[in-house]
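In case you want the letters, here they are:
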Amino acid sequence: MRIIATLPTYNEAENIAPLIDEILGLGDEYEALVIDDDSPDGTWKIVQDKQLTNPRVHLLRRIGRRGRGTAGLEGFLNAKNELNADIVIEMDADFSHAPRFIPSLVAPIRDGETDIVIGSRLVKNGGEVGRSPIRKYITLGANAYIRMMLGLSIHDCTSGFRGFSRQALNTLEWDKMQCSGPEIVQEILANAKCHNLRMTERPILFEERRAGSSTFNAKIMLRSLLYMWKLRARARHNH
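Residues numbered from 1 in each chain as written. Predicted model: local features only at pLDDT ≥ 70, side-chain atom pairs only at ≥ 80, totals over all residues. Heavy atoms only, no water.

### Some words on the environment of Met1
Convention followed: Put simply, DSSP H or I for four residues or longer makes a helix, DSSP E for two residues or longer makes a strand, and each gets a number counted from the N terminus. The buried label applies to any residue whose accessible area, calculated with a 1.4 Å probe on protein chains only, is under 20% of its type's maximum; exposed applies above 50%, and partly exposed to all values in between. Contacts are residue-level and defined by heavy atoms, with any inter-residue pair within 4.5 Å sufficient.
Take Met1: it is sitting in the segment before strand S1 (3-9). Looking at Met1, the relative accessible area reads 47%, which means it is partly exposed. Each C-alpha atom, one on Met1 and one on Asn143, is 33 Å from the other, the two residues being 142 residues apart in sequence. With residues up to four places along the chain from it excluded, the contact list for Met1 reads Glu29, Asp86, Ile87 and Arg110.

Shown next as structure tokens:
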């Protein structure tokens with residue numbers, strides 16, 4: 001079985017090598033695919049060097065293209081079509097998504113219980129570490145809004161720490177997805193709902209990044225939330 005962790009990156013030179021090492025340390029069936037937007041800090045070069053000594057490390061260096069959404073989509077398609085992944089784990093590359101939780105996302109897919117697993121902060125034993133109370137309230141409010149807009153039953157609709165079965169990879173309409181930013185997370189969930197894919201949640205602890213700085217800001221968050229109206233209209237049209 002091939003389990004591919006996809007890691008969209010931009011300026012994660014301080015995090016990427018130890019993160020890859022932790023993922024590969026989970027077992028021989030685990031591999032890492034880094035999708036890097038030509039990071040000025042040389043993130044791609046670190047991954048390229050690791051490729052030379054480990055065939056379980058893969059790199060997509062994107063020249064002239066930027067964006068969390070399109071990088072994520074390219075990662076999914078490469079893992080599905082080129083690497084023939086049985087399971088894909090989507091996660092951030094800043095250690096906010098700890099590799100120790102990956103086996104708990106893989107297990108229900110491996111056992112055939114579900115098609116998609118969401119690493120959730122908002123179920124029992126899940127949560128956030130090192131974040132201010134206001135950030136936690138923003139997470140709760142954003143998820144309540146997204147659930148209402150898209151008719152989703154899962155709790156953590158903003159989590160980018162997720163597992164996908166081969167069935168899900170083959171069913172989701174990757175060619176119809178249009179989001180270029182972090183709202184791709186919700187677009188995939190909306191598409192999965194339209195195709196009646198089974199989704200479940202497993203608890204994780206979301207932690208603040210270990211090093212570097214985030215590109216996420218209030219403007220991006222507002223744009224993502226407003227995009228839910230477009231996803232809602234598209235879902236209604238498809239039905």
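### Quick notes on the packing of helix H1 (residues 16-24) against helix H2 (residues 43-51)
Describing two packed helices takes the angle between their axes plus the distance from one axis to the other. Just so we agree on the cut-off: Where helices are involved, their axes are fitted lines through C-alpha atoms of the stretch in contact, as for all axes, and angles between N-to-C directions lie from 0 to 180°. By the definition adopted for this analysis, an angle is roughly parallel if under 35 degrees, roughly antiparallel if over 145, roughly perpendicular if from 65 to 115, and oblique otherwise. Here a crossing is called left-handed whenever its near helix is offset anticlockwise from the far helix by less than a right angle, and right-handed whenever the offset is clockwise.
Here H1 crosses H2 at 40°, and the two axes come no closer than 10 Å. In terms of their interaxial angle, H1 and H2 are classed as oblique. For the pair H1 and H2, the sense of crossing is right-handed. Of the residues in H2, those in contact with Ile16, Ala17, Ile20 and Asp21 of H1 are Thr43, Ile46, Val47 and Lys50.

### What about helix H7 (residues 184-194)?
Most of H7 sits inside the fold, with 9 of its 11 residues counted as buried. Within two residues after H7, Asn196 carries a phi angle of roughly 55°, on the positive side.

### A look at the nonpolar core
The condition that has to hold: To form a nonpolar core, buried Ala, Val, Leu, Ile, Met, Phe, Trp, Tyr and Cys residues must be joined to one another through side-chain atoms within 4.5 Å.
Judged by nonpolar contacts, the single largest core of 35 residues is most densely connected at Leu150, Phe164, Leu172, Trp174 and Ile188. Sorting the residues of this core by element identifies strand S2 (30-36), helix H3 (68-82), strand S5 (116-120), helix H5 (133-150), helix H6 (166-171), H7 and helix H8 (218-238) as the ones contributing at least two each. Per element, the largest residue contribution to this core is 6 residues, and it comes from H7. Among all residues touching Ile188, those that are not within four sequence positions of it are Phe76, Arg162, Phe164, Leu172, Trp174 and Met177. Ala5, Leu19, Ala98 and Ile204 belong to the second-largest nonpolar core, a separate cluster that totals 29 residues.

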